[in-house]
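So you can see what is in the structure, the chains are spelled out below.
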Amino acid sequence: MATTSQPSALKNAVFIYSDDLLNYRFSNDHPFNQKRLQLTLDLLRKTNAISDEDIIPPRLATDEELSLVHDRAYIEAVKLAGEGKLPGEKAESYGLGTEDTPVFKGMHEASARLVGGTLTAVDMVMSKKAQHAVNLGGGLHHGFRGKASGFCIYNDSSVAIKYMQEKYGAKVLYIDTDAHHGDGVQWSFYDDPSVCTLSIHETGRYLFPGTGAVNERGHGKGYGYSFNIPLDAFTEDESFLAAYEQSFREIVEFFKPDVILTQNGADAHCLDPLTHLSSTMKIYGEIPRLAHQLAHEYCEGRWIAVGGGGYDIWRVVPRAWAQIWLEMSDFKLPSDAISSDWLNQWQKESPVPLISTWSDPDQLYKEIPRKKEISEKNQQTVEKALYPIRSQSIK
């Protein structure tokens, strides 16, 4: 992998943010609400876990960078749609103007800013200015080459991976723990053996986008570099984390990447309104912890994190996403109590009572009667997913 020389001052971690990221907004009642970025950063500030020196503004991705993954005609269609100049029928052929991905003013610029934020994170890490970087505005993993899908206009992770390949000659391991399958990223690199993707998600039997089966393993030279672990509905913490740790550890050892890119959707939580998993805040401490550890073991610390899904923006997302920064920056929480200043500021705006601790209260959801059956089925899924690696090691 080609890298630049090591500068004298290497930051431990950087946080990519500016208020411009809030411009990615479909409508007032759309479930995708980037106010969660503001809530997360404010929680970190009021916890004294982040300073202005840690924050770097995102840049706009250029058309050339976007076209690493997206068709030029699609990029032009997004521009026209954001200017109110794309006819409805034409827009729908590009996945725009739908219930999931409505057209909004300035949508190209807002979307290019999210991609540019992830590219900013990439350059900070790959040029050795920081060991870790997080762009919570990114993680839009459903975007396709010529079509918007599932709240995602441009696919920042796919663009970032292609950018890392071309600029830095990097082998990239992409880990996706969003409750929805990371389909757009998987299909972007389905025949590419220099990119390995792992998606751990709720089974597509009941949930968008309906893909991500175990037998989606790649194509051609890329066969064996795509991994999927579709979890049963109502999967709880222990089963989720067992699948995550087993698969991550075995795949990183198999692939030996130069850099790890993690997509950190927070919608596997039991309070999320769009999904059917039963995890709690326990998984959101462990997910970044293992990524951090394995990045140091295999990639000299190179770890880039992006956001993703997460639709309980008040009770879940800020606490979950803050954990990524706390892990990256090695910040230790003084107690389990959430900042009273943060609670007082945002409770008046929240439509639900905020949770006052970093951990979840007990009995947050009803007991799952099929717990043992679900856990056993998930373990069988992990065995199937990892079989190609394990069969090679036996040989």
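Let me begin by describing the structure that accompanies this report. Just so we're clear, the structure is a prediction, and the values are computed from it rather than from any experiment. (Residues numbered from 1 in each chain as written. Predicted model: local features only at pLDDT ≥ 70, side-chain atom pairs only at ≥ 80, totals over all residues. Heavy atoms only, no water.)

1. Things to note about the packing of aromatic side chains
Then comes step 1: Evaluated as defined, the whole model comprises 17 aromatic pairs.
Then comes step 2: With 5.9 Å between their ring centres and 40° between their planes, tyrosine 74 and tyrosine 94 make a pair best called tilted. Of this pair, tyrosine 74 sits in helix α3 (residues 72-82) while tyrosine 94 sits in the loop between α4 (88-93) and α5 (107-126), placing them 20 residues apart in sequence. As far as the burial class goes, tyrosine 74 and tyrosine 94 line up, both buried.
Then comes step 3: Centre to centre, the rings of phenylalanine 151 and tyrosine 311 are 5.7 Å apart; their planes meet at 75°, and the pair counts as edge-to-face. Separated by 160 residues along the polypeptide, phenylalanine 151 in the loop between β3 (130-135) and α6 (156-168) and tyrosine 311 in the loop between β8 (303-306) and α10 (317-328) bring together distant segments of the chain. Here the two residues phenylalanine 151 and tyrosine 311 agree in accessibility, since each one is buried.
Then comes step 4: One aromatic cluster is present, formed by Tyr24, Phe26, Phe32, Phe104, Phe151 and Tyr311 through successive ring pairs.
Then comes step 5: For the cation-ring pair, arginine 36 lies above phenylalanine 32, with the distance from its terminal atom to the ring centre recorded as 4.5 Å. (Phe/Tyr/Trp six-rings, centres within 6.5 Å; stacked < 30°, edge-to-face > 60°. Helix = DSSP H or I, 4+ residues; strand = E, 2+ residues; numbered from the N terminus. Buried < 20%, exposed > 50% of the residue type's maximum accessible area, 1.4 Å probe, protein only. Lys NZ or Arg CZ within 6 Å of the ring centre and 35° of its normal.)

2. Some points on the packing of helix α1 (residues 35-46) against helix α11 (residues 340-347)
Then comes step 1: Following both chains from N to C, one finds α1 and α11 inclined at 150°, their axes separated by 9 Å at the closest point. For the element pair α1 / α11, the angle class is roughly antiparallel. Contacts between α1 and α11 pair Lys35, Gln38, Leu39, Asp42, Leu43 and Lys46 from the former with Asp341, Trp342, Gln345 and Trp346 from the latter.
Then comes step 2: In terms of residue class, the contact of α1 with α11 is made up of four nonpolar, two polar and four charged. (Axes fitted to C-alpha atoms, helices over the stretch in contact; angles between N-to-C directions. Parallel < 35°, antiparallel > 145°, perpendicular 65-115°, else oblique. Contact = heavy atoms within 4.5 Å. Nonpolar A, V, L, I, M, F, W, Y, C, P; charged D, E, K, R; others polar.)

3. Topic: the nonpolar core
Then comes step 1: In this structure, Phe15, Tyr24, Leu96, Ile153, Leu173, Phe248 and Ile260 are the most contacted members of the largest nonpolar core, which totals 126 residues.
Then comes step 2: Ranked by residues supplied to this core, first place goes to α5 with eleven residues.
Then comes step 3: When neighbours within four sequence positions are excluded, isoleucine 260 is seen to be in contact with Leu173, Ile175, Phe248, Val252, Leu294, Ala295, Cys299, Arg302, Trp303 and Ile304. (Core = buried A, V, L, I, M, F, W, Y, C linked by side-chain atoms within 4.5 Å.)

4. Description of the environment of glycine 307
Then comes step 1: Structurally, glycine 307 is set in the loop between β8 and α10.
Then comes step 2: The class for glycine 307 is buried, based on a relative accessible area of 0%.
Then comes step 3: Taking the C-alpha atoms as reference points, glycine 307 and aspartate 176, separated by 131 residues in sequence, lie 9.9 Å from one another.
Then comes step 4: Excluding anything up to four places from it in sequence, glycine 307 contacts Asn135, Leu136, Gly138, Gly139, Gln263, Asn264, Gly265 and Trp321.

5. Quick look at the pattern of salt bridges
Then comes step 1: Across all of its chains, the model carries 24 salt bridges by this definition.
Then comes step 2: For arginine 45, the salt bridge goes to aspartate 52, with nearest N and O atoms at 2.8 Å.
Then comes step 3: A residue is classified by how much of its surface remains accessible, and arginine 45, at 34% relative accessible area, is partly exposed.
Then comes step 4: Owing to a relative accessible area of 54%, aspartate 52 belongs among the exposed residues under this scheme.
Then comes step 5: Taken together, the shared-partner salt bridges in this structure form one network comprising Arg205, Asp232, Arg370, Glu373 and Lys377. (Salt bridge = Lys/Arg side-chain N within 4 Å of Asp/Glu carboxyl O.)

6. Observations concerning the packing of α5 against α6
Then comes step 1: At a closest axis distance of 9 Å, the pairing of α5 and α6 adopts a crossing angle of 35°. The interaxial crossing formed by α5 with α6 has right-handed handedness. In this structure, α5 uses Leu114, Val115, Thr118, Leu119, Val122, Asp123 and Met126 to contact α6, whose residues at the interface are Asp156, Val159, Ala160, Tyr163, Met164, Lys167 and Tyr168.
Then comes step 2: Its residues placed into classes, the contact of α5 with α6 shows ten nonpolar, one polar and three charged. (Left-handed = near helix turned anticlockwise from the far one by under 90°.)

7. As for unusual backbone geometry
Then comes step 1: Residues phenylalanine 208 and proline 209 are joined by a peptide bond in cis, for which omega reads 5°.
Then comes step 2: One can find proline 209 in the loop between β5 (195-202) and β6 (226-231).
Then comes step 3: One non-glycine residue, phenylalanine 151, adopts positive backbone phi at about 75°.
Then comes step 4: By relative accessible area, which is 10% here, phenylalanine 151 ends up buried.
Then comes step 5: Unlike most non-glycine residues, glutamate 300 shows phi in positive territory, near 55°.
Then comes step 6: Note on placement: glutamate 300 falls in the loop between α9 (282-298) and β8.
Then comes step 7: Judged by its relative accessible area of 57%, glutamate 300 falls in the exposed class.

8. Considering α3
Then comes step 1: When α3 is considered as a whole, its buried residues turn out to be Tyr74, Ile75, Ala77, Val78, Ala81 and Gly82. Buried residues of α3 fall within an arc of 160° about the axis and therefore sit on the same side.
Then comes step 2: Among the structural elements, α2 (63-66) and α5 are those in contact with the buried residues of α3.
Then comes step 3: Immediately beyond the C-terminal end of α3, within one or two residues, lies glycine 84, with a positive phi of roughly 75°. (Arc of directions from axis to C-beta.)

9. Looking at the sheet that holds strand β7 (residues 259-263)
Then comes step 1: The strand order β2-β1-β3-β8-β7-β4-β5-β6 describes an open sheet built from eight strands, whose pairing is parallel. A single partner strand is all that each edge strand has here, and the edge strands are β2 (55-56) and β6.
Then comes step 2: In this sheet, β8 lies alongside β7 in parallel orientation, the contact comprising four bridges. Paired with threonine 262 across the strands is alanine 305, a residue of β8. (Pairing = 2+ DSSP bridges.)

10. Some remarks on the pairing of strand β1 (residues 11-16)
Then comes step 1: Strand direction decides the pairing type here: β1 and β3, joined by four bridges, are parallel. Among the inter-strand pairings, alanine 13 is bridged to a residue of β3, identified as histidine 132.
Then comes step 2: In terms of strand pairing, β1 meets β2 through two bridges, oriented parallel. Bridging across to β2, phenylalanine 15 finds its partner in isoleucine 55.

Geometric values such as these leave the question of function open.
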